[in-house]
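These are the residues of each chain, in order.
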Amino acid sequence: MSDRYAVIGHPIAHSQSPFIHAAFARQTGQDICYEAILAPLDGFAAAVHAFRQAGGKGMNVTLPFKLDALALADSASERARRAGAANTLRFEGAQIFADNTDGIGLVRDLRQRLALPLTGQRILILGAGGAARGVIEPLLAARPALLAIANRSVEKAHALRTAFAELAESTALASGGFADFAGAAFDLVINATSASLGGSELALPAGVFAEGALAYDMAYGLGETPFLKSACALGAARFADGLGMLVEQAAESFYLWRGVRPTTAPVLAQLRERLAQREKA
Ligand code: NDP
């Protein structure tokens, strides 16, 4: 019988993870099946235990359960502990190991697909929620010159800056509200807010995009988001959505479970095609 894996969340119908992992399994010859599980908002732990008892080997965890996933685990990677959230669970007998692959997924997408050096660059992260928290450590590991965190609720941006200060080494850390960074040119601006999901405008200050800068929206499958639109108006030179990050974080989860690293580029191309077809339909 195939080894069983699943993604769990609420809602879950929109998840692309079953498609991605099925493609990885075909590509690498791994005998797995991967399903999507909708857990009730108050029933995350029970749903995880039921899946494990039914022979499940591991799970991906998405909104709104990433914090619960870390809390449920018996052990966790350093990167998951620092992020305060987990998106991957691996069942090891009676034990649950938790990891967070979102950050490494973003960094691989930026470095390998988008050919951004990160080292020595100036980076602005918009947002201070779970996604922002998960990407700060791997971004700092790339030793940018400056990492600034801007958030609507300014105190959360300051709290993240304090939480990661000891990892900054040669990187200057800054935090504040969006307007505080007007005129401070960045090579990379990452939208890690959830504003794109609701189609809300983001009050991007003028002058945040340096010459040749990349605007990266972690959201995906939404076409040109208000963030990408205003980045274009404010002079960004390159644009990317978060689909590459999604495929890269999935590849890292697959590796954690199976010990095999899939090739991501063809799967990203298939996924983009699938979403484009869906948009047309
Ligand atoms: P959270 O709910 O944890 O955080 C939301 C953040 O967005 C907060 O900082 C919040 O600010 C800010 N925000 C929400 N609405 C607005 C607005 N209208 N204007 C300004 N700021 C706003 O969400 P996550 O961090 O989990 O997710 C953020 C995004 O990242 C989502 O779009 C998600 O889909 C995406 N994501 C993509 C992944 C990928 O693989 N591509 C992986 C993980 C996440 P405040 O604190 O003031 O409320």
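Residues numbered from 1 in each chain as written. Predicted model: local features only at pLDDT ≥ 70, side-chain atom pairs only at ≥ 80, totals over all residues. Heavy atoms only, no water.

Novice: Can you tell me about the site of the ligand, naming the residues and giving the values?
Specialist: The environment of the ligand is made up of 24 residues, and the closest members are Ala131, Asn151, Arg152, Ser153 and Lys156. In the environment of the ligand, an oxygen atom lies 2.9 Å from a nitrogen or oxygen atom belonging to the backbone of Ala128. In isolation the ligand exposes 930 Å². Once the protein is present, 81% of that is buried. Taking a 2 Å distance to the grid points as the criterion, the majority of the atoms of the ligand fall inside the largest pocket. (Near = heavy atom within 4 Å. Polar contact = N/O pair within 3.5 Å; in protein donor to acceptor, adjacent residues only side chain to side chain. Areas by Shrake-Rupley, 256 points an atom, 1.4 Å probe, with all protein chains shown as cover. 1 Å grid on protein atoms, 1.4 Å probe; cavity = no way out; pocket = protein on both sides within 12 Å on 5 of 7 lines; lining within 4 Å. Sits in = over half its atoms within 2 Å of the grid points.)

Novice: Explain the sheet that holds strand β5 (residues 88-92) residue by residue, including any values.
Specialist: In spatial order, the strands read β2-β1-β3-β5-β6-β4; together these six strands make up an open sheet with mixed pairing. At either end of the open sheet lies a strand with only one pairing partner, and these are β2 (32-38) and β4 (75-76). Taken strand by strand, helix α1 (residues 17-28) contacts β1 (3-9), β2 and β3 (56-61), and its axis lies near 175° from that of β2. Of the strands in this sheet, β1, β2, β3, β5 and β6 (95-99) touch helix α9 (residues 243-258), which is tilted by about 5° from β5. (Pairing = 2+ DSSP bridges. Helix = DSSP H or I, 4+ residues; strand = E, 2+ residues; numbered from the N terminus. Contact = heavy atoms within 4.5 Å. Axes fitted to C-alpha atoms, helices over the stretch in contact; angles between N-to-C directions.)

Novice: Kindly report on the pattern of salt bridges, identifying the contributing residues and their values.
Specialist: Counted under the stated rule, the structure contains 15 salt bridges. A salt bridge links Glu78 to Arg82, with the nearest nitrogen and oxygen atoms 3.7 Å apart. On the criterion of helical spacing, the pair formed by Glu78 and Arg82 is a turn pair, its members being four residues apart in helix α4 (residues 78-83). Judged by relative accessible area, Glu78 falls into the partly exposed class, the value being 43%. Between Asp241 and Arg272 there is a salt bridge, and its shortest N-O distance comes to 3.0 Å. Of this pair, Asp241 sits in the loop between β12 (238-240) and α9 while Arg272 sits in helix α10 (residues 265-280), placing them 31 residues apart in sequence. With relative accessibility at 16%, the residue Asp241 sits in the buried group. Among the charged side chains, a network of salt bridges with common partners joins Glu78, Arg81, Arg82, Glu137 and Glu166. (Salt bridge = Lys/Arg side-chain N within 4 Å of Asp/Glu carboxyl O. Buried < 20%, exposed > 50% of the residue type's maximum accessible area, 1.4 Å probe, protein only.)

The analysis is restricted to geometry; functional conclusions fall outside its scope.
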